[in-house]
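Now for the letters of each chain:
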Protein chains: 2
Amino acid sequence: MAGTDRGLTPVQGGPHIILVDPQMGENIGAAARAMYNFGLTNMSIVRPRDGWPNSRAIANASGAHEVLERAQVYDTVEEATADFHLIFAATARDRDMVKEVATPKEAAKRIRQSIPAGHRCCILFGGERAGLSNDDVVLAQTIITVPANPAFSSLNLAQCVLLVAYEWFQFADQTPSTVITDGHTRPANGAELNGLFGHLETELDRSGFFRPSEKKPNMVRNLRNMLQRANFTEQDVRTLRGVVASLTRKSVQSPK
Amino acid sequence: MAGTDRGLTPVQGGPHIILVDPQMGENIGAAARAMYNFGLTNMSIVRPRDGWPNSRAIANASGAHEVLERAQVYDTVEEATADFHLIFAATARDRDMVKEVATPKEAAKRIRQSIPAGHRCCILFGGERAGLSNDDVVLAQTIITVPANPAFSSLNLAQCVLLVAYEWFQFADQTPSTVITDGHTRPANGAELNGLFGHLETELDRSGFFRPSEKKPNMVRNLRNMLQRANFTEQDVRTLRGVVASLTRKSVQSPK
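Since we're looking at a predicted model, the values are computed, not measured. (Residues numbered from 1 in each chain as written. Chains lettered and ligands numbered in written order. Predicted model: local features only at pLDDT ≥ 70, side-chain atom pairs only at ≥ 80, totals over all residues. Heavy atoms only, no water.)

Points about the relation of the copies chain B and chain A
Right, on to step 1. Mapping chain B onto chain A leaves a residual RMSD of 0.1 Å; the transformation is a rotation of 180° accompanied by 0.0 Å of translation along its axis. Both copies are brought into coincidence by an operation consistent with a two-fold rotation axis. Using C-alpha coordinates, one finds that chain B approaches the rotation axis most closely at Gln159 of chain B, a distance of 3.3 Å.
Right, on to step 2. Mapped onto chain A, 100% of the interface residues of chain B again fall at the interface, so both copies present the same surface. (Least-squares fit on C-alpha atoms with pLDDT ≥ 70 in both. Contact = heavy atoms within 4.5 Å.)

Written as structure tokens, this is what we have:
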């Protein structure tokens, strides 16, 4: 694939992004960056207002300029879509036509599902001012509309490309919803925690913290419970034992 | 709420977006637009490089300028976060610390879950060049990292704000994965479809389409099945009956 030849690492089967009548080079560049953030590398451009190549697009692509270098430029949407089997049109405007409207998530699912069959997919995005024409929308089987604030639903061109690319990437992404970074350590085990608790409670006993003494069992439980919530690491326990030791040491240099 | 007073329609309980050391007004404006696209209206800004207000931010907000007008400016992250109970830090960089890392989707879920308890949530985003410092990240309980192309994971500031706001909106959004726009009509019913099929098949019989005649039943089934896939509306059926009638009419004006 051209992508890997040129050093890009496209994810197989990603949809082509077709920008129709884009106006600002900045947005073309931002769209390229957004695409590449989520593994898409194939862009086509129909009638870029300011010609092609465009230096503002390159400046705004922030490292995704290879997406721009590989971009194909066309005179008509018909030519740009000629080679595709599954054609989506991204638009937020209501059209007076009978047409299926899918969320970006649903579109991502269908594109993924079409990969084994070898179907080629593309998504049309309209220009900044007018969006896609009805004639462009008719060329697509399905409209993609991003669910958004009904009072302010108009998305910037590159932002719209980003969300569609994001959902495409998300669909097959295996990232767990949360992980704990390890910081080169591991969770403390029971022995280490009990060592810390014992150390702390011995010193608190010595300093008269547990008064009245009949409250001590409950106070110990509360302290331990509070400290357990922090999920200390082995390194944390060593740090805290140092803290306890330091607090109970006689001052080396008392203020005069 | 200030939001509704000013004509905005914020969704209750949305997180505050705190931009730390943002450089380009364009990105602050784009972030405001992205926020408002997904119903977020509360922005704070710590040490904006080019001062505040910023005309480029307003130009790039494309109608979300009210978000900017309401933005609070702070000198330190500590002041900006003083009032919040649940603090997230958006960063893609690996930090050498033990810290929970959540996806935007998981963060959205936690923020939604904290609303009934009345907890106030904020999300820190770093500036374009250096992102958040480790000291900023320590102020948060949880890191948000957007799963992205490992070879190109650095998101534009406003794009990152967009994805977090999008997931927050998605979490409670009820949009069905697909709908069919109605175009002021309704699906054709069985009688209408059968009327069309009968009309078409009668004309095809007349013009000698069904040959050899023993193949007719199978040809009829294939035709009907193909046409059923289009999910015709009542208006479509009328249009198609006009098409059949027109095709079978003697030319009014034959070419001479």
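Having seen the structure, we can now continue with the description.
Brief notes about the layout of surface pockets
Right, on to step 1. Here the second largest pocket defines a volume of roughly 460 Å³.
Right, on to step 2. Along the walls of the second largest pocket sit 20 residues, with Val98 of chain A together with Ile180, Ala230, Asn231 and Thr233 of chain B positioned nearest its centre.
Right, on to step 3. Residue assignment for the lining of the second largest pocket shows that the elements contributing at least two residues are strand 5 (99-102) of chain A together with strand 8 (178-181) and helix 11 (234-248) of chain B.
Right, on to step 4. Looking at the lining of the second largest pocket, its residues break down into six nonpolar, eight polar and six charged. (1 Å grid on protein atoms, 1.4 Å probe; cavity = no way out; pocket = protein on both sides within 12 Å on 5 of 7 lines; lining within 4 Å. Points joined across faces, edges and corners; volume = space filled by probe spheres on them. Helix = DSSP H or I, 4+ residues; strand = E, 2+ residues; numbered from the N terminus. Nonpolar A, V, L, I, M, F, W, Y, C, P; charged D, E, K, R; others polar.)

Some details on the nonpolar core
Right, on to step 1. By size, the foremost hydrophobic cluster in this structure holds 86 residues, and its most contacted members are Phe38, Met43 and Phe125 of chain A together with Phe38, Met43 and Phe125 of chain B.
Right, on to step 2. In contact with Phe38 of chain A, not counting residues within four places along its chain, are Leu162, Ala165, Tyr166, Trp168 and Phe169 of chain A together with Val146, Pro147, Ala148, Asn149, Leu155 and Leu163 of chain B. (Core = buried A, V, L, I, M, F, W, Y, C linked by side-chain atoms within 4.5 Å. Buried < 20%, exposed > 50% of the residue type's maximum accessible area, 1.4 Å probe, protein only.)

A look at the sheet that holds strand 8 (residues 178-181) of chain A
Right, on to step 1. Ordered in space as 8(A)-5(B)-7(B)-4(B)-6(B)-1(B)-2(B)-3(B), the eight strands form an open sheet in which the pairing is mixed. Of all strands in the sheet, those with a lone pairing partner are strand 8 of chain A together with strand 3 (72-74) of chain B, marking the two edges. Put simply, the sheet's adjacent strands are angled 30° from each other on average, direction ignored.
Right, on to step 2. In this structure, strand 4 (residues 86-90) of chain B lies alongside strand 7 (residues 142-144) of chain B, joined through three bridges in parallel fashion. Paired with Ala89 of chain B across the strands is Ile143 of chain B, a residue of strand 7 of chain B.
Right, on to step 3. Packing of helix 2 (residues 25-37) of chain B onto the sheet brings it into contact with strand 1 (16-20) and strand 2 (43-46) of chain B, and relative to strand 2 of chain B it is tilted by some 160°. (Pairing = 2+ DSSP bridges. Axes fitted to C-alpha atoms, helices over the stretch in contact; angles between N-to-C directions.)

Considerations on the pattern of salt bridges
Residues and elements named next belong to chain A.
Right, on to step 1. The tally for this structure, following the rule as stated, stands at 26 salt bridges over all chains.
Right, on to step 2. As a salt-bridge pair, Arg120 and Asp83 come within 3.1 Å of each other at their nearest N and O atoms. Highlighted residues: Arg120 in the loop between helix 6 (104-114) and strand 6 (121-125) and Asp83 in the loop between helix 5 (77-81) and strand 4 (86-90), separated in sequence by 37 residues.
Right, on to step 3. Judged by its relative accessible area of 32%, Arg120 falls in the partly exposed class.
Right, on to step 4. A salt bridge links Glu201 to Arg224, with the nearest nitrogen and oxygen atoms 2.8 Å apart. (Salt bridge = Lys/Arg side-chain N within 4 Å of Asp/Glu carboxyl O.)

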